[in-house]
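# Fold and geometry: a report
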Amino acid sequence: MLKVLTDEQVKALVNAPDLRTREGAKEQALLSIMAYGGLRVQEVCNLRRDSVQVEGDFVRLTFDGKGSKTRTVSLPRRAVSGLFKHLASHRSPYVFPGRYGPPMTPNGAYKIVQRNSRKARLPEWVHPHTLRHSFATKLMRETGDLFLVSRILGHANMQTTARFYLAFDAKYADRAAEIWR
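Residues numbered from 1 in each chain as written. Predicted model: local features only at pLDDT ≥ 70, side-chain atom pairs only at ≥ 80, totals over all residues. Heavy atoms only, no water.

## Remarks on the overall build of the chain
- Counting its regular elements, the chain contains 9 helices and 3 strands.
- Ordering the α and β elements of the chain from the N terminus gives α-α-α-β-β-β-α-α-α-α-α-α.
- For the chain, whose C-alpha radius of gyration is 17 Å, the value lies close to the compact-globule estimate of 16 Å for 181 residues.
- When its C-alpha atoms are laid out on the principal axes, the chain stretches across 60 × 35 × 30 Å.
- A total of 181 residues make up the chain; the buried ones form 43% of that total.
- For the chain, contacts bridging at least 24 residues in sequence account for 55% of all contacts bridging at least 6. (Helix = DSSP H or I, 4+ residues; strand = E, 2+ residues; numbered from the N terminus. Rg over C-alpha atoms; globule rule 2.2 N^0.38 Å. Buried < 20%, exposed > 50% of the residue type's maximum accessible area, 1.4 Å probe, protein only. Contact = heavy atoms within 4.5 Å.)

What follows is the structure, given as structure tokens:
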């Protein structure tokens, strides 16, 4: 069984960074993209500035995911408000540059998640992939659409998605019973 965060825990984590600082804006942007977009840690680290497009109320990220497959994820604009403050603070072609120009490393992202997880008083088992699992679990519970979840996560095979996110949930049993009411 996957360990996932509740909606309240996700909000607490995303709101943990100190937005009065440049580093806080960067951390909130990274946490928001991971929590509300379900990106893998390497995908977030490799995001390029030109992969960010604003489309009305959404921010669209188009990037090369695992296996060099192009993927697009939309995020509610309000969920990534810190992103624009962060982007305005640097000129790197990467959304999350490392110290000397190349993109941030997955280890750097891991440290950001850990530090803010402690600030938000979350369990010690929280790591970057926890945000992906939490995102996908919520999406599956809310929509029941395995194809949608698989596509958004960038899984090459829907069986991968099914293995992780079709674990028994009482809500599925309840939905099935509703049919016979």
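## Some remarks on the sheet that holds strand E3 (residues 70–76)
- Taken in spatial order, the 3 strands line up as E1-E2-E3 in an open sheet, and their pairing is antiparallel. One side of each edge strand has no neighbouring strand; the edge strands of this open sheet are strand E1 (52–55) and E3. Averaged over neighbouring strand pairs, the angle between their axes works out to 25 degrees when direction is ignored.
- Of the pairings in the sheet, the one linking E1 to strand E2 (residues 58–64) comprises 4 bridges and is antiparallel in character. Bridge pairing in E2 places Val54 opposite Val59. (Pairing = 2+ DSSP bridges. Axes fitted to C-alpha atoms, helices over the stretch in contact; angles between N-to-C directions.)

Honestly, it's all geometry; don't read function into it.
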